[in-house]
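Secondary and tertiary structure notes
For reference, the chains in residue letters:
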Amino acid sequence: MTMRHTKFISAVVLPLIAAGCVTTDYAAKDAGFTNASLKSNEATGKQTVWVQNRQQAEAVRSRVKSLMAKKTIDVETAVQVALLNNKGLQAAYSELGESAADVWQTQLSVFPTFSVGLTGIGSPGLEAYRVIEGAIAANILALATYDKNIKLAETRFRQAQLTAALETISLASETRRAWITAVSAWENVGYLNQAKVAADAASDLAKKIGEAGSLPKADQAREHVFYAELTGETAKARLEAKLAKEELVRLMGLSGSDIDFQIPNRLPNLPKALIKRDDIEAEAIRKRMDLQVARLELQATAQSYKLEDVTRIVTDIELVGTWEKEREREDGKVVSETTRTGGLEFTIPIFDSGQARLRKGELAYMRAANQLAELAVNVRSEARSAYVSYKSNYDIARHYRNSVLPLRNAIEEQSMRSYNGMITSTFELISDTREKIESTILAVNAKRDFWLAEANLAPVIYGGSKSSEAEETEVASADAD
């Protein structure tokens, strides 16, 4: 005997089969990447690649090798290498692919499942029969909520595209800042070495004059301790420069012999004029991708809430249709009989009216709405702050360039004339030279702060990582030292 089910409902099978005509755009290997790449290119002006096979990997390695062939790596080359070679960015692109696969899977969720089996008994001298049994099952709830599930999955997919673009912009801005920091650190090392030479000369001179009995021991000690302290500061600056370059190496995704590249020993000069960004606040509101992600999050939360409303009582309904075909020998003849059956299987949470889930959805929506409102306020403030920092740091750096350093050069020149005329002592000349070096280092730091502020404009307008308060505090602490 075989079990019999109720008659199969063919009217439902036809829509399920028709659902097989869904698009397969989300199944493409580069699904969504082109859109994400175009968005990031607007902010960075650089090419990026999603490496998914050996040929693409070889092409990227060849491109990186060509870029690294330059004797000295400038900031634009460093950023391009990072966007091509950073493995963390490739991992972010894989998450975009996973999101596309989720949409694809949602499209396939309404497809019926089919199974078939064969049983049979037979031996010489005995009656023999065979039973061919098949079943088709489809989730009615998935079919009923198909449109809502697809819209939600597509919203998440658009979020994933924006997130991939944000990761690209973040890496570009971080690499740009790392290059600026590393170059300014080595520029400081160069000026500290010059100051160290002057301090060394003063220390030797003090020792010789002291041996002649013409310089008190306290004055000798002052010159010696300054040289000793400056030696320590130079060593610390060299260490910071090496670590800054290592940070750049990590962002560029380099290893082995590739890390032996050179960077300039001084930052570029200040530009003649500033970039006009009088409408930066409105531009940021219009272009910030993290703001767009937050808007999509609000939309996704609303879509989830509507989905909860539809499914708050019945959590699962499955339509099952089966068919059986029996073949049996009777008196040497083969007798066949086909039986089609069907049924509904469903689960109802008796003690759950769905109100708790609906309330949770309402709270999630309000949380997303408030987070979006907060982000909009922060975006406006960050845009204003970034542009103020950009203009102010330019004015400060230009002040050192146009006022402080020319005065220091004039002082050093007059000291040299006085020294040649036997009017001032050697120690006064060395002291003036030392103070000029200190002012030069302050000017370098001011120029570095300007270029860092300039590098923060793109993340402020398009989204992505910006220099944190911790980084700014660290820079201020280094300047104070």
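In short, a report on the structure.

What follows deals with the packing of aromatic side chains. Two descriptors summarise a pair of aromatic rings, namely the distance from one centre to the other and the angle between the planes of the rings. Following the criterion strictly, the structure yields six aromatic pairs and no others. Aromatic side chains tyrosine 387 and tyrosine 390 sit 6.0 Å apart centroid to centroid with 25 degrees between the ring planes, which places their arrangement in the stacked category. Taken together, the residues span about one helical turn, with tyrosine 387 and tyrosine 390 both in helix α11 (residues 355-420) at a distance of three residues. The same class applies to tyrosine 387 and to tyrosine 390, which are both buried. With a centroid separation of 5.3 Å and 55 degrees between ring planes, the pair formed by tyrosine 394 and phenylalanine 450 is classed as tilted. One end of the pair, tyrosine 394, is in helix α11; the other, phenylalanine 450, is in helix α12 (residues 426-455), and 56 residues separate them in sequence.

In this section: a negative patch on the surface. On the surface, Glu95, Glu98, Glu167 and Glu174 cluster together into a patch of negative charge. Mapped onto the negative patch, the elements with two or more residues apiece are α5 (87-108) and α7 (146-211).

All right, on to helix α2 (residues 33-44) then. Taking 1.5 Å as the rise per residue, α2 with twelve residues should run 16 Å; its terminal C-alpha atoms sit 16 Å apart, in good agreement. Taken together, the buried positions of α2 are occupied by Phe33, Ala36, Ser37, Ser40, Ala43 and Thr44. The arc enclosing the buried residues of α2, seen along the axis, measures out at 120 degrees, which places them on a common side.

Our focus in this paragraph is helix α3 (residues 54-68). Taking 1.5 Å as the rise per residue, α3 with 15 residues should run 21 Å; its terminal C-alpha atoms sit 21 Å apart, in good agreement. Taken residue by residue, α3 has Ala57, Val60, Val64, Leu67 and Met68 as its buried positions. For α3, the angular spread of buried residues about the axis comes to 90 degrees, placing them on one side. Of the residues in α3, the exposed ones pointing more than 90 degrees away from the buried face are Arg54, Gln55, Lys65 and Ser66.

This brings us to the packing of α3 against helix α4 (residues 75-85). Running from N to C, α3 and α4 point in directions that differ by 165 degrees, and their axes come no closer than 10 Å. Judged on the interaxial angle alone, α4 and α3 are roughly antiparallel. You can see that α3 and α4 cross each other, and the crossing is left-handed. In this structure, α3 uses Val60, Arg63, Val64, Leu67 and Met68 to contact α4, whose residues at the interface are Thr77, Gln80, Val81, Leu84 and Asn85. In the contact of α3 with α4, the residues fall into six nonpolar, three polar and one charged.

Turning our attention to the pattern of salt bridges. Evaluation of the coordinates by the stated rule reveals 16 salt bridges. The shortest N-O distance in the salt bridge between glutamate 435 and arginine 408 comes to 3.1 Å. Of the two residues, glutamate 435 is situated in helix α12 and arginine 408 in helix α11; the sequence distance between them amounts to 27 residues. The class for glutamate 435 is partly exposed, based on a relative accessible area of 31%. When the shortest N-O distance is used, the salt bridge between arginine 448 and aspartate 449 registers 3.1 Å. For arginine 448, a relative accessible area of 7% translates into the label buried. When salt bridges with common partners are traced through the structure, they connect Glu42, Arg277, Glu283 and Lys287 into a single cluster.

Calculation rules
- Residues numbered from 1 in each chain as written.
- Predicted model: local features only at pLDDT ≥ 70, side-chain atom pairs only at ≥ 80, totals over all residues.
- Heavy atoms only, no water.
- Phe/Tyr/Trp six-rings, centres within 6.5 Å; stacked < 30°, edge-to-face > 60°.
- Helix = DSSP H or I, 4+ residues; strand = E, 2+ residues; numbered from the N terminus.
- Buried < 20%, exposed > 50% of the residue type's maximum accessible area, 1.4 Å probe, protein only.
- Patch = residues over 30% accessible without salt bridge, like charges linked within 9 Å, V, L, I, M, F, W, Y side chains within 5 Å.
- Areas by Shrake-Rupley, 256 points an atom, 1.4 Å probe, with all protein chains shown as cover.
- Salt bridge = Lys/Arg side-chain N within 4 Å of Asp/Glu carboxyl O.
- Lys, Arg positive; Asp, Glu negative; His and termini not counted.
- Charge placed at Lys NZ, Arg CZ, Asp CG, Glu CD.
- Expected span 1.5 Å × (residues − 1).
- Arc of directions from axis to C-beta.
- Axes fitted to C-alpha atoms, helices over the stretch in contact; angles between N-to-C directions.
- Parallel < 35°, antiparallel > 145°, perpendicular 65-115°, else oblique.
- Left-handed = near helix turned anticlockwise from the far one by under 90°.
- Contact = heavy atoms within 4.5 Å.
- Nonpolar A, V, L, I, M, F, W, Y, C, P; charged D, E, K, R; others polar.

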